Structure formats: C-alpha cells, structure tokens
Amino acid sequence: MPSPAETAARRLVARVLLALLLVLAAIPVYLVLKPSWRPMVVRLACTLVVAAGCIHARRRVRRAIGEYAPSALDTPPAPSPVPEIDQRFLRARVDIALSLRSRPYFDRVLWPRLLALAGGRLEPPAGRRWVRRRGPSPAALAKLMGEVERRA
C-alpha cells in the first residue's frame, strides 16, 4: 500500500496532466472562435476552473471539520417543554366554538352546562335572526358567560 505522501504526489501529477490536456484541447477551440466570442469563452473557462476549485476546497474543509468532535455550542438546544393546558379549558373552548356554529349543539351541550353553573336561573340567548341553524352571536354568548361568572 503506498504511503500518503506517494498518493498525494500521484494525485498532483494526475491533476497537472489533466490540466495540460484541457489546455491543449482548448487552444484549437479558442483559435476557431470569432474574436468577439473569445473573451466570453475565456471567462467561462475561468469560471469553471474556480467553481471546481471551490468545490474541492469545500470538500477538504468539511472533511477536516468532520474529524473533530462537535463542540457543545454546536449542538442544538434541547426542545422547550410544551406548556400543559388544562383539558377542561380545551373542552370549554371547543364547546364555545361549536356552539357559535350550531344552535342544536348549543341547546344540547353548552346550555345545560351553563344552567348547572349558574344554578338554573338564566334566560337563553336569542338566536340570530336571519340564520336559523347558527348558534348565539359571540356578543350574546359573551354576555351570557359574564352572567354565569357573576353568579358563580
């Protein structure tokens, strides 16, 4: 097995030979082109050489960085704990949202709960005039909730 120094020397010789062959192939192409196109072709060739060099340098840097253990500063932070929300609050929020959309849901689910909380002394809110299936308006529901809070 060749030593790392011999391998590096072989790679260097191979790259020099490849560059020489590319230059020898590019000379006839350059001479065949119209003079107005030559600067653009030279710029394009230089761009390709620089891009290849950048890719090679990037690979070397990544390989060098990969050999070292990551720093504690490079590790992502631990995920923050998700705040616990009381399930009763979540159910109440869903009930209110569904009650605004459906009068039957309001009459069968939320209204009995509100009556139980207020001790049975509440007047039902008026329905919306032009939409029969919709529940009470948000303002009417807020007024009703305020009444329940005062009595509870």
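Note: the structure precedes this text.
Report on the accompanying structure. (Residues numbered from 1 in each chain as written. Predicted model: local features only at pLDDT ≥ 70, side-chain atom pairs only at ≥ 80, totals over all residues. Heavy atoms only, no water.)

Take the overall build of the chain next. Looking only at helices and strands, one finds five helices and zero strands in the chain. For the chain, the succession of helices and strands along the chain, N to C, is α-α-α-α-α. Expected size for 152 residues packed as a compact globule is a radius of gyration near 15 Å; at 39 Å, the chain overshoots this value by more than 25%. Along the longest, intermediate and shortest principal axes, the C-alpha atoms of the chain span 100 × 50 × 25 Å. In the chain, the share of contacts with a sequence separation of at least 24, taken over all contacts with a separation of at least 6, comes to 54%. Accessible surface, the chain as shown: approximately 13,100 Å² in total, 66% of it carbon and sulfur. (Helix = DSSP H or I, 4+ residues; strand = E, 2+ residues; numbered from the N terminus. Rg over C-alpha atoms; globule rule 2.2 N^0.38 Å. Contact = heavy atoms within 4.5 Å. Areas by Shrake-Rupley, 256 points an atom, 1.4 Å probe, with all protein chains shown as cover.)

In this fold, Y68 is placed in the loop between helix 2 (38-66) and helix 3 (87-101). Exposure remark for Y68: the relative accessible area of 61% places this residue in the exposed category. Sequence separation between Y68 and S99 is 31 residues; the distance between their C-alpha atoms is 60 Å. (Buried < 20%, exposed > 50% of the residue type's maximum accessible area, 1.4 Å probe, protein only.)

Following the criterion strictly, the structure yields zero disulfides and no others. Just so you know, C46 is unpaired, no disulfide at all, and the nearest cysteine sulfur is the one on C54, 13 Å from it. You can call C46 partly exposed: its relative accessible area is 44%. (Disulfide = S-S within 2.5 Å.)

A few words now on the packing of helix 3 against helix 4 (residues 103-118). Look at helix 3 against helix 4: their axes get within 7 Å of each other, and the N-to-C directions meet at 140 degrees. One finds that helix 3 runs oblique with respect to helix 4. When the axes of helix 3 and helix 4 are compared, the crossing they make is left-handed. Where helix 3 approaches helix 4, its residues D95, I96, L98, S99 and R101 are matched on the opposing element by R103, Y105, F106, V109, L110 and R113. Partitioning the contact of helix 3 with helix 4 into residue classes produces six nonpolar, one polar and four charged. (Axes fitted to C-alpha atoms, helices over the stretch in contact; angles between N-to-C directions. Parallel < 35°, antiparallel > 145°, perpendicular 65-115°, else oblique. Left-handed = near helix turned anticlockwise from the far one by under 90°. Nonpolar A, V, L, I, M, F, W, Y, C, P; charged D, E, K, R; others polar.)

One pass over the full model with this rule turns up four salt bridges. Between D107 and R103 there is a salt bridge; the shortest N-O distance is 3.3 Å. Here D107 and its partner R103 are both found in helix 4, four residues apart, which amounts to about one turn of the helix. Judged by relative accessible area, which is 36%, D107 ranks as partly exposed. Take R103: its relative accessible area is 16%, and that puts it in the buried class. (Salt bridge = Lys/Arg side-chain N within 4 Å of Asp/Glu carboxyl O.)

Helix 5 (residues 138-151) packs onto helix 4 with a crossing angle of 30 degrees between their chain directions and a minimal axis gap of 8 Å. Here helix 4 lies roughly parallel to helix 5, going by the angle between them. Counted together, F106, L110, W111, L114, L117 and A118 of helix 4 and L141, L144, M145, V148 and R151 of helix 5 form the full contact between these two elements. Here the residues of the contact of helix 4 with helix 5 are counted per class, giving 10 nonpolar, no polar and one charged.

Turning to a nonpolar patch on the surface, a few remarks are in order. The grouping of V13, L17, L20, L21, V23, L24, I27, Y30, L31 and V42 at the surface amounts to a nonpolar patch, some 930 Å² of accessible area in total. Top contributing element to the nonpolar patch by residue count: helix 1 (residues 4-32), with nine residues. On the secondary structure map, V23 appears in helix 1. (Patch = residues over 30% accessible without salt bridge, like charges linked within 9 Å, V, L, I, M, F, W, Y side chains within 5 Å.)

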